[in-house]
Amino acid sequence: MHMVIYALVEASTHDDALATGKSVFDRLVGADPHTGAVFDYYVTFDREDTSVAGKARWGELPIAVPVDSDDGQDLLERGWEATKEEFERNLVRVKEAIDELSDEDIMRDEDLARHAFHQIGAYDGPTIFLYTEHGTGIRHRGQLDRLLKKSEELWIVPADVHF
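Residues numbered from 1 in each chain as written. Predicted model: local features only at pLDDT ≥ 70, side-chain atom pairs only at ≥ 80, totals over all residues. Heavy atoms only, no water.

A. Region of the structure containing the overall build of the protein chain. Within the protein chain, the regular secondary structure consists of six helices and five strands. Across the protein chain, helices and strands are ordered from the amino to the carboxyl terminus as β-α-β-α-β-α-α-α-β-α-β. Scaling as 2.2 N^0.38, a compact globule of 163 residues should have a C-alpha radius of gyration of about 15 Å, and the protein chain matches this with 17 Å. For the protein chain, the C-alpha atoms occupy an extent of roughly 55 × 35 × 30 Å along the three principal directions. In the protein chain, of all internal contacts separated by at least 6 residues, the share reaching a separation of at least 24 is 64%. Only carbon and sulfur atoms are counted for the fraction: they give 50% of the accessible area of the protein chain, which is about 9,000 Å². Charge centroids of the protein chain, computed over 17 positive and 34 negative side chains, lie 2 Å from each other. (Helix = DSSP H or I, 4+ residues; strand = E, 2+ residues; numbered from the N terminus. Rg over C-alpha atoms; globule rule 2.2 N^0.38 Å. Contact = heavy atoms within 4.5 Å. Areas by Shrake-Rupley, 256 points an atom, 1.4 Å probe, with all protein chains shown as cover. Lys, Arg positive; Asp, Glu negative; His and termini not counted. Charge placed at Lys NZ, Arg CZ, Asp CG, Glu CD.)

B. Structural detail: the pattern of salt bridges. In total, this model carries eleven salt bridges according to the counting rule given. In this structure, the salt-bridge partner of Glu 48 is Lys 55, at a minimum N-O distance of 2.6 Å. Members of the salt-bridge network, linked through shared partners, are Glu 104, Asp 105, Arg 108 and Glu 110. (Salt bridge = Lys/Arg side-chain N within 4 Å of Asp/Glu carboxyl O.)

C. Quick look at helix α1 (residues 14–28). Between the first and last C-alpha of α1 there are 21 Å, a value that for 15 residues agrees with the 21 Å anticipated at 1.5 Å per step. Turning to α1, its buried residues number three or more, namely Ala 17, Leu 18, Gly 21, Val 24, Phe 25 and Leu 28. Relative to the axis of α1, the buried residues are bounded by an arc of 120° and lie together on one face. Those residues of α1 that are buried lie in contact with β1 (2–10), β2 (41–44), β4 (130–131) and β5 (154–162). Directly after α1, the chain includes Gly 30, whose backbone phi takes a positive value near 80°. (Expected span 1.5 Å × (residues − 1). Buried < 20%, exposed > 50% of the residue type's maximum accessible area, 1.4 Å probe, protein only. Arc of directions from axis to C-beta.)

D. Local environment of unusual backbone geometry. Of note, Asp 111 is a non-glycine position whose phi angle comes to about 55°, a positive value. As for its placement among the helices and strands, Asp 111 is situated in the loop between α4 (103–107) and α5 (113–120). In this model, Leu 112 sits at a positive phi of 55°, which is unusual for a non-glycine residue. Taking relative accessible area as the criterion, Leu 112 reaches 47% and is therefore assigned partly exposed.

E. View of the environment of Val 157. Position of Val 157 among the secondary structure elements: in strand β5. Taking the relative accessible area as the measure of exposure, Val 157 reaches 0% and is therefore buried. Measuring from C-alpha to C-alpha, the distance between Val 157 and Thr 44 comes to 8.0 Å, with 113 residues separating the pair along the chain. Leave out the neighbours within four places in its chain, and Val 157 touches Ile 5, Tyr 6, Ala 7, Val 9, Ala 17, Leu 18, Gly 21, Phe 25, Ile 63 and Ala 64.

F. Quick look at the nonpolar core. Among the nonpolar cores identified, the biggest contains 22 residues, and Ile 5, Phe 25 and Phe 39 are the most heavily contacted of them. Elements with a minimum of two residues in this core: β1, α1 and β5. Top element by residues in this core is α1. It accounts for five residues. When neighbours within four sequence positions are excluded, Phe 25 is seen to be in contact with Ile 5, Ala 7, Tyr 42, Thr 44, Val 157, Pro 158 and Ala 159. Val 4, Val 65, Leu 75 and Leu 144 belong to the second largest nonpolar core, which has 16 residues in total. (Core = buried A, V, L, I, M, F, W, Y, C linked by side-chain atoms within 4.5 Å.)

Structure representation (structure tokens):
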């Protein structure tokens, strides 16, 4: 499966933002020997050499833009809304499992109940769409707001990831 995720990075130029964004995505695919892979691979939107990912799959997206630009605000909103929607979807599944299933059913992962519990607690992966420049998933609005407030030159870099 493919999805678009976004790295929020401090940078003074477009090229620096893209390079820092790629280092975030490298961490998330396990290119750094000290990190585990969260995704299988990524494609940034500056790549023209693929027919199955990036622009070929999602169309034109900015390569890297300041968060305070119109395009940056659009990408930020997309990432945050997708994170919220995945959290809410899994939260409904968790609540239903608690109300409708026995402890034994949950232990056996009936209706993928345990999977929903896992997704609710995830710090990265397919339910998290925004990441800091350190590869940390942004899981709640307070965390995002603090990052936006403290950063002076914040850029957003999208990537198509496969999981």
